Amino acid sequence: MSLTERDLAVIWHPYTQMKTAQPPIPIIRGEGTCLFSEDGKKYIDAISSWWVNIHGHSHPYIAQKVAEQLNKLEHVIFAGFTHPGAVELAERLLAILPSNQAKAFYSDNGSTAVEVAIKMCLQYWHNKGEQRTKILAFKNAYHGDTFGAMSVSGRSAFTAAFDSLLFEVEFIDLPDANNIESIKSHISSLKSQISCFIFEPLVQGSAGMIMYEAAHLNELMAHCQKEEVLLIADEVFTGFGRTGKAFACNHVANQPDIMCFSKGLTGGTMAFGLTTCKQEIYNAFLSDDRTKTLFHGHSYTANPVTCAAALASLDLFLEPSTQENINRIADKHRAFAAKVIGHRSLKTTRQTGTILALEWETGNNTSYFSSLRDKLYHYFLDAGIILRPLGNIIYILPPYCITNAELDYIYSTIEQALDDI
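Here's what I pulled together on the structure shown here.

Rules of the game
Residues numbered from 1 in each chain as written. Predicted model: local features only at pLDDT ≥ 70, side-chain atom pairs only at ≥ 80, totals over all residues. Heavy atoms only, no water. Phe/Tyr/Trp six-rings, centres within 6.5 Å; stacked < 30°, edge-to-face > 60°. Helix = DSSP H or I, 4+ residues; strand = E, 2+ residues; numbered from the N terminus. Buried < 20%, exposed > 50% of the residue type's maximum accessible area, 1.4 Å probe, protein only. Lys NZ or Arg CZ within 6 Å of the ring centre and 35° of its normal. Pairing = 2+ DSSP bridges. Axes fitted to C-alpha atoms, helices over the stretch in contact; angles between N-to-C directions. Contact = heavy atoms within 4.5 Å. Polar contact = N/O pair within 3.5 Å; in protein donor to acceptor, adjacent residues only side chain to side chain. Parallel < 35°, antiparallel > 145°, perpendicular 65-115°, else oblique. Left-handed = near helix turned anticlockwise from the far one by under 90°. Core = buried A, V, L, I, M, F, W, Y, C linked by side-chain atoms within 4.5 Å.

Another point: the packing of aromatic side chains. The geometry of an aromatic ring pair is captured by two quantities: the separation of the ring centres and the angle between the planes. In total, this model carries 18 aromatic pairs according to the counting rule given. Here Tyr-15 and Phe-158 contribute two aromatic rings whose centre-to-centre distance is 5.5 Å and whose plane-to-plane angle is 45 degrees, an arrangement assigned as tilted. Within this pair, whereas Tyr-15 is found in the loop between helix H1 (3-10) and strand S1 (27-31), its partner Phe-158 is found in the loop between helix H6 (147-151) and strand S6 (169-172), the two being separated by 143 residues in sequence. Consider the rings of Phe-240 and Phe-317, whose centres lie 5.7 Å apart with planes at 75 degrees: the pair is edge-to-face. One end of the pair, Phe-240, is in the loop between strand S10 (230-234) and strand S11 (258-261); the other, Phe-317, is in helix H10 (residues 304-317), with 77 residues separating them in the sequence. Given the relative accessible area of 7%, Phe-317 is considered buried. An aromatic cluster of at least three residues, connected via ring pairs, comprises Tyr-15, Trp-50, Tyr-142 and Phe-158. The ring of Trp-125 has Arg-132 lying over it, and the distance from NZ or CZ to the ring centre is 3.9 Å.

Here it is in structure tokens:
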């Protein structure tokens, strides 16, 4: 019985209509940018396995540090106890985050990092004796699949079965030169009700790699701060170099009150979540009244092995060669986008840092359920490239170790696809 057959007998895959989906490809090994299937075929992982891998698969340095940690301490309860890895990771991350970030709260993944942030904001106002329960978010946002994260995400097929159970959110358009003043006025009219504003800085990933200007985000952040609306920057996707700088918030002058991280946090090695906040947020929970405690935690909070992976990934991330690679990828993307712009099959191209998105022209509106999606997906798989189209939008989001030759092969395959599909 093959691995695929065994899988189909026992496994339910994410974001997959199991009745109609093609059988999963069995991957047994990874190295650098590539993944290798059971039958020996090599695939370039051009999307970093759902945007998590930043240094390449099976990186020997991360593997070494994880193995060393397993021989010291695999886990310890994080309520009432601590360990070196958790402390060092918080110290080192806070040192490179926006200067107002003062405390770190660990969780398990991107959705839980967002849940923690939302609870921090709602309880911040509760602890201060103010009932601010409305949350501000962008239309078409995606912040995760747990209930709080779903609530602050745009209403879509992803949330339809649960819409009546999600809490109230005020959704606004992405800011631009034409609407920024009206958005600010709208926020001012609701300021006494709004607890916080959560946003994906610069790029809305799952919405189709929708990009917007840092200047407009900065202006919106400044207005929210003036109206005492707390700011949550969801950097689960954009953090750790994806937008060209270490963090997307480095593109703006104003600083968020809370930040969320996951994906690239461990270099794609294992699941981890982190929520950081400024001192003022933390202080609102300090009290002789124990009911003002942040009652949130996970069994594997700050797992030592995961912290070891994150610390190793951070070592690699801070090497000068990593930023050089980020710049190289961004330059290559920019040049390729300029080359194909105007092709009859393309509606538009978008690029920020290491993220390049190309939207196929379909004659219809962009749709996650576009029939073009499966054609594109299998076309690139047949060519040994893993791209996971968002409907009629393909995007390249590679590990930073990708070579110029690998990028050129992806680009040339895309050019061929533009002519073929």
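This brings us to the sheet that holds strand S15 (residues 385-386). Here 4 strands make up an open sheet; going across it, the order is S1-S2-S3-S15 and the pairing mixed. A strand with exactly one partner marks an edge of an open sheet, and here the two such strands are S1 and S15. The pairing of strand S2 (residues 34-37) with strand S3 (residues 42-45) spans 3 bridges and is classified as antiparallel. Paired with Leu-35 across the bridge in S3 is Tyr-43.

What follows deals with the sheet that holds S10. If you walk across this open sheet you meet the 7 strands as S4-S12-S11-S10-S7-S5-S6, and the pairing is mixed. Where the open sheet ends on each side, the last strands, each with one partner, are strand S4 (101-107) and S6. Averaged over all neighbouring strand pairs, the angle between strand axes comes to 20 degrees, with direction disregarded. When S4 meets strand S12 (residues 273-278), the two strands line up antiparallel, connected through 6 bridges. Bridge assignment links Gln-101 to a residue of S12, and that residue is Lys-278. Contacting strand S5 (134-138), S6, strand S7 (194-199) and S10, helix H8 (residues 214-226) runs over the sheet at an angle of about 165 degrees to S7.

Another point: the side chain of His-57. Mapped onto the secondary structure, His-57 falls in the loop between helix H2 (48-51) and helix H3 (60-70). Since its relative accessible area comes to 13%, His-57 is described here as buried. Reaching out from His-57, the side chain makes a polar contact with the side chain of Asp-45 at a distance of 2.8 Å.

Bringing the packing of helix H11 (residues 320-340) against helix H13 (residues 404-420) into the picture now. Taken N-terminus to C-terminus, the directions of H11 and H13 make an angle of 20 degrees; their axes are 11 Å apart at the nearest point. By the angle class used here, H11 and H13 are roughly parallel. Considering how the two elements wind past one another, H11 and H13 form a crossing that is right-handed. Residues Arg-328, Ile-329, Lys-332, His-333, Phe-336, Lys-339 and Val-340 of H11 pack against Asn-404, Leu-407, Asp-408, Tyr-411, Ile-414, Glu-415 and Leu-418 of H13.

Here Met-211 lies in strand S9 (residues 210-211). Remark: the alpha-carbon pair of Met-211 and Ser-313, spanning 102 residues in sequence, is separated by 27 Å. Setting aside chain neighbours within four positions, we find Met-211 in contact with Leu-202, Val-203, Arg-350, Gln-351, Thr-352 and Ile-355.

Attention shifts here to the nonpolar core. With 90 residues, the main nonpolar core has Leu-89, Phe-197, Phe-199, Met-209, Trp-360 and Ile-414 as its most contacted residues. If one sorts the elements of this core by residue count, H13 sits on top with 6 residues. Apart from residues no more than four positions distant in its own chain, Trp-360 is found in contact with Ser-345, Leu-346, Lys-347, Leu-372, Leu-376, Asn-392, Ile-394, Ile-414, Ala-417, Leu-418 and Ile-421. Formed by 26 residues, the second largest nonpolar core is a distinct cluster that contains Cys-121, Cys-196, Ile-258 and Leu-294.

Further remarks concern unusual backbone geometry. A positive phi angle, near 50 degrees, is found at Tyr-15, a position not held by glycine. Unusually for a residue other than glycine, Asn-140 sits at a positive phi of about 70 degrees. Structurally, the position occupied by Asn-140 is in the loop between S5 and H6.

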